[in-house]
Amino acid sequence: MVTPAPSLPKDFAQLSLTEAAELLAARKLPPVESWHPEREGDSAMEIRADGSWFHEGGRINRPAMVKLFSTILRREPDGGHVLVTPAEKLSIAIEDTPFRAVEMKSEGTGEARKLVFRLDTDDLVMAGPDHPLRFGSDADNPDPRLHVRGAIGNGLEARIDRALYYEIVELALAESAEPLAIWSNGARFPLVDA
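Structure report, in brief.

1. Some details on the overall build of the chain
At step 1: Regarding its fold elements, the chain presents 3 helices and 14 strands.
At step 2: Considering the chain as a whole, with its 194 residues, one finds that 42% of them fall into the buried category.
At step 3: Long-range pairs, those at least 24 residues apart, make up 55% of the contacts in the chain between residues at least 6 apart in sequence.
At step 4: Total accessible area on the chain is roughly 10,100 Å²; 51% of this is exposed by carbon and sulfur atoms.

Right under this line is the structure:
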């Protein structure tokens, strides 16, 4: 049985980086990458660009349901998205990205910085080598994203909300690196992709 992400024990802004790291380490997701059921179909679900989930045109208003479904979400090699269990695989439409990064905590500076993001599902993700940030190749039209899970380059991503993107830019500008970049968990991420 899959269990939804637990609610955060306290306000994200009040979490220390140590507490966030403990929550990250304790989080167990179902092994969706190893499930290959024969039964396939359409879930009649979609995730809209604003992060809201819909089923048969009606909005899913229960956060616990959204959290539960988000744990069995997978991106396929062809770029499509599915909800998968050991018994079935159902397609799901996604307008933009399946997640939104809605809060960020930064500790440290330069190469010692660590950025932890809270997603709209209350999941926590620390940016770094296993969870890279990317910002797009057009400095005038940034496309800020955070890799959440799955294969890098074809996994699930979170759209970084505009306010968080501006916080990241301010942090990078304060460090005066050229070209402009941000560090997290030992990895350097240019604010304009090459």
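2. Topic: the packing of aromatic side chains
At step 1: On inspection of all chains with the given rule, the structure shows 3 aromatic pairs.
At step 2: With a centroid separation of 6.4 Å and 15 degrees between ring planes, the pair formed by W53 and F69 is classed as stacked. Of this pair, W53 sits in strand β2 (residues 53–55) while F69 sits in helix α2 (residues 63–71); the two residues are 16 residues apart in sequence, bridging distant segments of the chain. Taken as a pair, W53 and F69 share a single burial class, namely buried.

3. Observations regarding helix α3 (residues 162–174)
At step 1: With 13 residues, α3 extends 18 Å between its outermost C-alpha atoms, agreeing within 8% with the 18 Å of an ideal straight helix rising 1.5 Å per residue.
At step 2: Every buried residue of α3 is accounted for by L164, Y165, I168, V169 and A172. Down the axis, α3 shows its buried residues gathered within 145 degrees of arc, on one side only. Opposite the packed face of α3, turned more than 90 degrees from it, sit the exposed residues A163, E170, L173 and A174.
At step 3: Residues of α3 that are buried in the fold lie against β7 (99–107), β8 (114–119), β12 (156–160) and β13 (181–184).

4. So, the sheet that holds strand β3 (residues 58–59)
At step 1: With mixed pairing, 6 strands are arranged side by side in an open sheet as β3-β2-β1-β6-β5-β4. Both edges of this open sheet fall to β3 and β4 (73–75), since each of them pairs with a single strand only.

5. Focus: the sheet that holds β8
At step 1: Here 6 strands make up an open sheet; going across it, the order is β9-β8-β7-β12-β11-β10 and the pairing mixed. Each edge of the open sheet carries a strand with a single partner, namely β9 (124–126) and β10 (133–134).
At step 2: Here 2 bridges tie β10 to strand β11 (residues 145–149), and the two strands are oriented antiparallel to one another. Among the inter-strand pairings, L133 is bridged to a residue of β11, identified as L146.

6. With respect to α2
At step 1: Along α2, the positions that sit buried rather than exposed are V66, K67, F69, S70 and T71.
At step 2: Buried residues along α2 sit against β1 (39–47), β2, β4, β5 (81–84), β7 and β11.

7. Details of the pairing of strand β14 (residues 187–190)
At step 1: Only one face of β14 is buried, namely the one carrying A187 and F189, since none of R188 and P190 on the opposite face is buried.
At step 2: Sheet topology places β13 next to β14; 4 bridges connect them, and they run antiparallel. Across the sheet, S184 pairs through a bridge with A187, a residue of β14.
At step 3: In this structure, the hairpin formed by β13 and β14 is closed by a connection of 2 residues, where N185 is found at a positive phi of approximately 50 degrees.

Quick notes on the rules
- Residues numbered from 1 in each chain as written.
- Predicted model: local features only at pLDDT ≥ 70, side-chain atom pairs only at ≥ 80, totals over all residues.
- Heavy atoms only, no water.
- Helix = DSSP H or I, 4+ residues; strand = E, 2+ residues; numbered from the N terminus.
- Buried < 20%, exposed > 50% of the residue type's maximum accessible area, 1.4 Å probe, protein only.
- Contact = heavy atoms within 4.5 Å.
- Areas by Shrake-Rupley, 256 points an atom, 1.4 Å probe, with all protein chains shown as cover.
- Phe/Tyr/Trp six-rings, centres within 6.5 Å; stacked < 30°, edge-to-face > 60°.
- Expected span 1.5 Å × (residues − 1).
- Arc of directions from axis to C-beta.
- Pairing = 2+ DSSP bridges.

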